[in-house]
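# Structure assessment
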Amino acid sequence: MAVVNIDRVLFVAAVLFLLGLTGVLTRKNILFMLISIEIMLNAAGLAFVAAGSKWHQPDGQAMFLFILAMAAAEVSVGLALVMQIWHQHKTMDVEDLNKLKDE
Amino acid sequence: MNELAYIPALPLLGFLVLALGGRRMSQKAVAITGAGSVCAAALLTMVLCGQFFGSGAVGAAAGHASPASVHYDLQLGQWFHAGALSISFGLRVDSLSLVFMFIITFVGALIHLYSTAFMRGDRDYARFFACMNLFVCAMLILVMADNLVLLYLGWEGVGLCSYLLIGFWYDSPANCLAANKAFIITRIGDTALLIGLFLLFKELATLDIAAILRQSPGHFRLGSPVITLIALLFLAGGMGKSAQLPLQTWLPDAMAGPSPVSALIHAATMVTAGVYLIARMHVLFQLSPLAMTVTAITGALTLLVAACSAMVQTDIKRILAYSTISQIGYMFLALGVGAYGAAIFHFFTHAFFKALLFLAAGAVIESLHHEHNIFRMGGLKDKLPVVYWTFLAGAASLAALPLVSAGFYSKEQILWYAWRAANGGTALWLAALAGAVITAFYSTRLLLVVFWGEAKTSVSSRPGRLITIPLIILAFLSLTAGFVEWPHNLLPVHLFSGFLQSVLPAPATRSGGETIGQLLAVMATLAGIGVGYQLYHRQPEIGIITRWQQRPLAAAIRNFLFGGWGFDRLYDTLFVRPLVSITRLNRADIFDQLYVAVVRAARTGHRLLSASQNGSLRWYAVGVLMGILFILTLLL
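Residues numbered from 1 in each chain as written. Chains lettered and ligands numbered in written order. Predicted model: local features only at pLDDT ≥ 70, side-chain atom pairs only at ≥ 80, totals over all residues.

A few words on the overall build of chain A. Helices and strands together make up the secondary structure of chain A, namely three helices and zero strands. For 103 residues, the compact-globule formula gives about 13 Å, and the C-alpha radius of gyration of chain A, at 17 Å, lies well above that figure. Based on the C-alpha atoms only, the size of chain A along its principal axes is roughly 55 × 25 × 25 Å. Residues classed as buried in chain A amount to 12% of the 103 residues present. Pairs at least 24 apart in sequence give 47% of the contacts found in chain A among residues at least 6 apart. (Helix = DSSP H or I, 4+ residues; strand = E, 2+ residues; numbered from the N terminus. Rg over C-alpha atoms; globule rule 2.2 N^0.38 Å. Buried ≥ 20, exposed ≤ 12 C-beta atoms within 10 Å, placed from the backbone. Contact = placed C-beta atoms within 7 Å.)

Structure, rendered in structure tokens:
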């Protein structure tokens with residue numbers, strides 16, 4: 001198994017993270033924001049795996065399993081919320097979903 | 001002596017019943033409860049007097065044995081306990097307390113009987129008797145207390161009742177102002193007394209009266225600054241309560257209350273609380289010659305100032321009020337020269353004749369459609385004969401008519417001591433003598449203007465029996481109460497001073513001049529009466545007074561005296577106005593600005609932060625990002 005340079009992997013993780021962040025900040029559709037968050041989570045997971053293989057520790061992979069479980073839970077709750085929002089407001093635009101502001 | 005506790009407890013019970021259920025009781029039931037409780041207390045006090053005389057005080061009075069000071073003690077339980085201080089509800093009755101208790105309950109009972117008729121028809125009948133009963137209870141606690149804290153409780157209690165009763169007819173703002181004035185001015189004295197108590201406790205670590213009297217001669221050096229300060233503070237307390245210069249201005253206005261209140265509180269009992277306090281604490285005063293001198297001078301000045309004001313008043317009750325101030329001035333003078341017994345004797349006779357005068361004045365005012373101005377009265381001699389004759393007895397006693405009136409015996413004693421006691425002097429004596437002339441003059445003026453001459457207002461009603469009987473009893477006592485104590489050179493009868501001897505020492509005197517002094521006092525009285533008679537009865541047609549009134553100087557002096565020597569205006573300029581202007585300056589609440597600023601900062605912060613809660617999800621995400629970047633920057 002070829003040894004991958006840790007810096008490159010971390011670079012890819014950082015690019016992934018920034019892509020996700022940009023998506024969260026710029027997307028108006030709430031569904032795409034959710035997907036962007038998933039990308040950010042995967043970036044974090046990649047960084048953990050890379051660090052674990054660098055230091056020859058299993059902790060990085062255990063952490064990735066945690067992130068995976070958490071991402072699954074988050075997606076299920078998030079999708080349920082998105083469906084509710086669609087049912088109630090007939091829109092997916094976050095700019096229109098600002099009812100919680102201070103009057 | 002367990003029945004001792006019932007004497008103050010009965011009026012207290014009457015107060016509780018009337019205060020809690022008075023509105024649902026009929027007038028008759030209220031009268032029976034209100035007057036009955038005080039009458040029962042008076043009977044108990046008389047039984048107590050009998051026992052007291054039986055237990056050897058009489059032997060002492062006859063001068064047989066040096067009396068072991070006879071007294072009754074009763075502990076009713078602990079009041080409070082703090083550190084070294086332990087205060088109990090303890091009563092202690094000795095001959096001094098007994099004299100006061102007798103006056104409070106006996107004169108009080110007569111005044112309550114009078115009030116049952118006088119106040120009939122008033123819509124607050126029950127409230128009146130509730131306050132009166134509470135007053136009697138508080139006053140009894142004041143004179144029966146065995147420690148100064150309990151005495152102070154009674155002291156404040158009578159002040160409260162005085163306030164409540166001066167403002168009894170609270171519909172009129174003037175009455176409420178008078179009540180406030182009385183309360184606030186006496187408060188000055190009360191505060192001084194309280195500070196005195198603290199100082200005394202700091203020095204002696206006890207507030208038990210007997211212990212204080214026992215320990216202070218050993219603890220304090222004669223004339224040391226601290227004892228002088230304590231004595232002066234006590235004197236200031238007495239000045240406030242007893243309406244002495246310079247705190248006397250409240251008493252004339254206190255006449256806004258009903259006449260029985262003036263008789264009981266502002267003539268017979270409460271205003272003499274200062275006299276009681278000084279007599280009770282006489283050991284402290286004797287340790288401070290300066291305080292004694294100040295007391296005597298205060299008394300002498302007060303009696304002159306008030307007597308001069310009484311000369312020109314036109315309101316019948318205000319004349320009597322100024323005369324009360326002046327007579328209490330005599331008592332303070334006697335206290336100041338060390339003649340404590342004489343002061344208490346004058347209190348004793350004064351209570352009878354001044355209560356009588358107020359009650360009679362009340363009857364006159366009632367009969368004349370609430371007319372207070374004496375110059376619109378007149379000619380009542382034939383229409384209200386009982387009131388006239390009793391008023392005559394009271395006025396004679398006030399003027400100290402020689403031999404036949406009680407006032408003569410007590411006032412003559414004070415005059416003599418003011419002259420010949422070790423602390424006395426010619427100046428004090430001359431002031432007292434001048435006061436006697438003026439007193440006789442204004443008593444005569446009052447009597448002649450009100451009862452003689454032509455009728456100016458028609459009589460609407462005649463006083464009933466419940467009003468006249470107390471008047472007659474008081475008139476009898478005003479004439480005869482003085483016979484218990486005769487001047488040294490006339491008859492060797494000294495029942496009163498013998499009775500008090502165990503508590504109050506007799507002053508050291510310089511001998512001689514008794515007869516001359518008496519003759520001068522008699523001449524002073526007769527001169528005053530003569531001048532009054534000349535001016536107000538014999539020669540109104542010549543019109544000396546009318547001519548005087550036209551002269552600007554005389555009119556100015558008259559107005560000055562009429563206004564009570566301008567004390568009210570002085571205090572108004574010195575204290576009231578500055579205070580009012582300061583409050584006006586502070587109308588915007590300068591000191592509140594600090595708190596207003598706190599509020600304003602919180603509001604602004606709130607507005608800024610709540611603007612950030614704009615409901616936009618992306619803004620929040622940016623916020624989170626900025627936060628993370630900030631923390632990362634800090635960490636790196």
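That shown, we press on.
When helices and strands are counted, chain B shows 27 helices and two strands. By its C-alpha atoms, chain B is 110 × 60 × 55 Å across when sized along the principal axes. Of all 636 residues assigned to chain B, the portion counted as buried reaches 50%. The long-range share in chain B, meaning contacts at least 24 apart out of those at least 6 apart in sequence, stands at 80%.

Time to look at the domain arrangement of chain B. By domain assignment, chain B separates into domain 1 (307-540), domain 2 (552-586) and domain 3 (594-635). A separation of 61 Å is found between the C-alpha centroids of domain 2 of chain B and domain 3 of chain B. (Domains from an automatic or database assignment.)

On to the UniProt feature "domain: NADH-Ubiquinone oxidoreductase (complex I) chain 5 N-terminal" (unreviewed entry) in chain B. The feature "domain: NADH-Ubiquinone oxidoreductase (complex I) chain 5 N-terminal" (unreviewed entry), as annotated in UniProt, sits at residues 79-129 of chain B in this numbering. The distance separating the terminal C-alpha atoms of residues 79-129 of chain B is 28 Å; by composition the span is 57% helix and 25% strand. (UniProt positions renumbered as here; feature names shortened; annotations may be inferred.)

Opposite the 10 residues of chain A that make contact, chain B presents nine residues. Among the residues forming the side of chain A that touches chain B, the class breakdown is five nonpolar, one polar and four charged. (Nonpolar A, V, L, I, M, F, W, Y, C, P; charged D, E, K, R; others polar.)

Core analysis: the largest hydrophobic core is formed by 208 residues, its most contacted members being L333(B), A355(B) and A432(B). Counting residues in hydrophobic clusters, the runner-up holds six residues, among them A43(A), L46(A), F48(A) and A50(A). (Core = buried A, V, L, I, M, F, W, Y, C linked by C-beta atoms within 7 Å.)

Within the fold, K99(A) resides in the segment after α3 (59-89). The exposure class assigned to K99(A) is exposed, which follows from the 7 C-beta atoms found within 10 Å.

Before going further, it helps to examine the UniProt feature "transmembrane region" (unreviewed entry) in chain A. Residue and element names in this part refer to chain A. When the UniProt feature table is mapped to this numbering, "transmembrane region" (unreviewed entry) covers residues 6-25, 30-51 and 63-82. When the span residues 6-25 is considered, its composition is 100% helix and 0% strand, and the gap between its end C-alpha atoms is 28 Å. Counted over residues 63-82, helix gives 100% and strand 0%. Its end C-alpha atoms are 28 Å apart.

What follows concerns the environment of L98(B). Residue and element names in this part refer to chain B. Assignment of secondary structure puts L98 in helix α3 (residues 95-118). Looking at L98, the number of C-beta atoms within 10 Å reads 24, which means it is buried. Separated by 52 residues in sequence, L98 and M46 have C-alpha atoms that sit 9.5 Å apart. Filtering out sequence-adjacent residues up to four positions away, L98 remains in contact with C49, F52 and V93.

This part takes up the pairing of strand β1 (residues 72-82) of chain B. All names here are of chain B. Taken across its 11 residues, β1 has zero buried, putting it largely on the surface. Taken together, the eight bridges between β1 and strand β2 (residues 85-93) define a ladder with antiparallel strand orientation. Bridge pairing links D73 to R92 in β2. Counting the residues that bridge the hairpin from β1 to β2 gives two residues, and of these G83 lies at a positive phi of roughly 60 degrees. (Pairing = 2+ DSSP bridges.)

For helix α1 (residues 6-26) of chain A, spanning 21 residues, the distance from its first C-alpha to its last is 30 Å, which sits close to the expected 30 Å at 1.5 Å a residue. Along α1(A), the positions that sit buried rather than exposed are A13(A), G20(A) and V24(A). Along the axis of α1(A), the buried positions cluster into a sector of 45 degrees, meaning they face one direction only. Those residues of α1(A) that are exposed and aimed more than 90 degrees away from the buried face are D7(A), R8(A), F11(A), V15(A), T22(A) and T26(A). The secondary structure elements touched by the buried residues of α1(A) are α2 (30-55) of chain A together with α27 (617-635) of chain B. (Expected span 1.5 Å × (residues − 1). Arc of directions from axis to C-beta.)

Let us look at the packing of helix α14 (residues 316-336) of chain B against helix α18 (residues 406-420) of chain B. In helix packing, the relevant descriptors are the interaxial angle and the interaxial distance, both defined with respect to the helix axes. Residue and element names in this part refer to chain B. At a minimum axis separation of 9 Å, α14 and α18 run at an interaxial angle of 40 degrees. When the axis of α14 is compared with that of α18, the two are oblique. You can see that α14 and α18 cross each other, and the crossing is left-handed. Taking contact as the criterion, the partners of Y330, L333 and A334 in α14 are, on α18, K411, I414, Y417 and A418. Partitioned by chemical class, the residues of the contact of α14 with α18 number six nonpolar, no polar and one charged. (Axes fitted to C-alpha atoms, helices over the stretch in contact; angles between N-to-C directions. Parallel < 35°, antiparallel > 145°, perpendicular 65-115°, else oblique. Left-handed = near helix turned anticlockwise from the far one by under 90°.)

Excluding glycine, residues mostly carry a negative phi; peptide bonds, for their part, are mostly trans. That bond from L245(B) to P246(B) is cis: its omega, 0 degrees, falls within 30 degrees of zero. With respect to the element layout, P246(B) can be found in the loop between α8 (225-241) and α9 (250-253). Notably, K90(A) is not glycine yet its phi reads approximately 55 degrees, a positive angle. Considering the arrangement of structural elements, one finds K90(A) in the segment after α3. Among the residues examined, K90(A) registers 8 C-beta atoms within 10 Å and is labelled exposed. Look at A400(B): it is not a glycine, yet its phi comes out positive at around 60 degrees. Of note, A400(B) is situated in the loop between α17 (385-399) and α18. Residue A400(B) is classed as buried on the basis of its C-beta count, with 29 C-beta atoms lying within 10 Å.

This next bit is on the packing of α18(B) against helix α19 (residues 426-451) of chain B. All names here are of chain B. Following both chains from N to C, one finds α18 and α19 inclined at 155 degrees, their axes separated by 7 Å at the closest point. Relative to α19, the element α18 is oriented roughly antiparallel. Along the contact surface, α18 presents K411, I414, L415, A418 and W419, while α19 presents T426, L428, W429, A432, L433 and A436. In the contact of α18 with α19, the residues fall into nine nonpolar, one polar and one charged.

This part takes up the confidence of the model for chain B. Residues and elements named next belong to chain B. Averaged over all residues, the pLDDT of chain B equals 84, while 96% of them reach at least 70. The secondary-structure element of chain B with the lowest mean pLDDT is helix α23 (residues 544-550), recorded at 70, while helix α26 (residues 593-612) shows the highest, at 91. The low-confidence segment residues 57-68, where pLDDT is below 50, has 19 contacts with residues more than four positions distant or belonging to other chains. Reported for the predicted complex are a pTM of 0.77 and an ipTM of 0.81. (pLDDT = per-residue confidence, 0-100.)

All right, on to the environment of A363(B) then. All names here are of chain B. Here A363 is to be found in helix α15 (residues 340-367). Along the chain, A363 and F118 lie 245 residues apart, while their C-alpha atoms are 7.9 Å from each other. In this structure, A363 is in contact with V387, P463 and I467, ignoring residues within four places of it in sequence.

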